[in-house]
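Observations on the three-dimensional arrangement
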Amino acid sequence: MKRVTGIGGIFFKAKDPEQLRAWYRKHLGIEAESWGFTFSWQDDPKKDGGQTVWAVFPADTKHFDPSHSSFMINFRVEDLDWLLTQLRAEGIDAKMEASEFGKFGWIMDPEGNKIELWEPNDLEYDKMVPPTGRTKYGPISRRPRSRH
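Residues numbered from 1 in each chain as written. Predicted model: local features only at pLDDT ≥ 70, side-chain atom pairs only at ≥ 80, totals over all residues. Heavy atoms only, no water.

Concerning the environment of W118
Applied cut-off: Only runs of H or I of at least four residues qualify as helices and only runs of E of at least two qualify as strands under DSSP, and these elements are numbered from the N terminus. Here a polar contact means two N or O atoms within 3.5 Å. Within protein one must be a hydrogen donor candidate and the other an acceptor candidate, and residues neighboring in sequence count only if both atoms are side-chain atoms.
By the secondary structure assignment, W118 is in strand β7 (residues 114-120). Considering only alpha carbons, one finds W118 and L80, 38 residues apart in sequence, at a separation of 7.1 Å. Within the structure, the side chain of W118 is placed 3.0 Å from the backbone oxygen of F101, a separation counted as a polar contact.

Listed below in structure tokens is the structure:
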């Protein structure tokens, strides 16, 4: 069984999130909203593709705690319960909680960086981030999912 199936998101802190989003918009063409930006990709285990979220958090966010890093990576996984059992058996402390968007687990790497593991509830996630149009956080623009 695969442990990781893709990157679910990359999140990081900024002293001035709006200014940093504007810099990325200007210099790299990332049209991020206040909640972030979604990149679409086609090699998801689901037949219709998946997404990677790019988001800037305020510098004082507690979401990355206890890490002191300015970044956190979110990996999509197939079976979070199984993976956390494996990680705990390997001596890694792991936490978990469920939400409407799926199950989330958290571990720390040896450098003290927090890693988020996500088993998505794709039905709820797809309601939040439809292939085109608006999310509950505002408009999005991304290429439509492929229907091979």
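Examining the confidence of the model for the protein
Atomic detail in the predicted coordinates should be set aside for any region of low pLDDT. Short version of the rule: The pLDDT value expresses, per residue, how confident the predictor is, ranging between 0 and 100. We call two residues contacting when some pair of their heavy atoms lies within 4.5 Å.
Predicted confidence across the protein gives a mean pLDDT of 78, with 75% of residues reaching 70 or more. The low-confidence segment residues 132-148 (pLDDT under 50) makes 43 contacts with residues lying over four places distant or belonging to another chain.

Examining helix α2 (residues 80-89)
The following threshold applies: For every residue, the accessible area obtained with a 1.4 Å probe (protein chains only) is divided by the maximum for its type, and the residue is called buried under 20%, exposed over 50%, and partly exposed between those limits. Comment: arc refers to directions from the helix axis out to C-beta atoms.
Taken together, the buried positions of α2 are L80, L83, L84 and L87. Buried residues in α2, looked at end-on, bunch into an arc of 95°, giving them a common side. Among the structural elements, β5 (95-99), β6 (102-108) and β7 are those in contact with the buried residues of α2. The residue sitting at the N-terminus of α2 and contributing the capping side-chain oxygen is D79; that oxygen lies 3.4 Å from the backbone nitrogen of D81. Following α2 by one or two positions, G91 has its phi on the positive side, about 85°.

Notes on a nonpolar patch on the surface
For clarity, the cut-off: Here a patch means residues that are over 30% exposed by relative accessible area and free of salt bridges, tied together within 9 Å if like-charged and within 5 Å if nonpolar (Val, Leu, Ile, Met, Phe, Trp, Tyr). Note on areas: these come from Shrake-Rupley sampling with a 1.4 Å probe, and a residue is covered only by the protein chains present in the view. Any carboxyl oxygen of Asp or Glu within 4 Å of a side-chain nitrogen of Lys or Arg constitutes a salt bridge here.
A surface patch of nonpolar side chains, amounting to about 240 Å² of accessible area, comprises I7, I10 and F71. The topology assignment puts F71 in strand β4 (residues 71-76). F71 gets classed as partly exposed once you look at its relative accessible area, which sits at 46%.

A word on the side chain of K114
Structurally, the position occupied by K114 is in strand β7. Side-chain polar atoms of K114 contact the backbone oxygen of H63, separated by 3.1 Å. A distance of 3.0 Å separates a polar atom in the side chain of K114 from the backbone oxygen of D65. With residues up to four places along the chain from it excluded, the contact list for K114 reads H63, F64, D65, S67, M72, I73, W106, I107 and M108.

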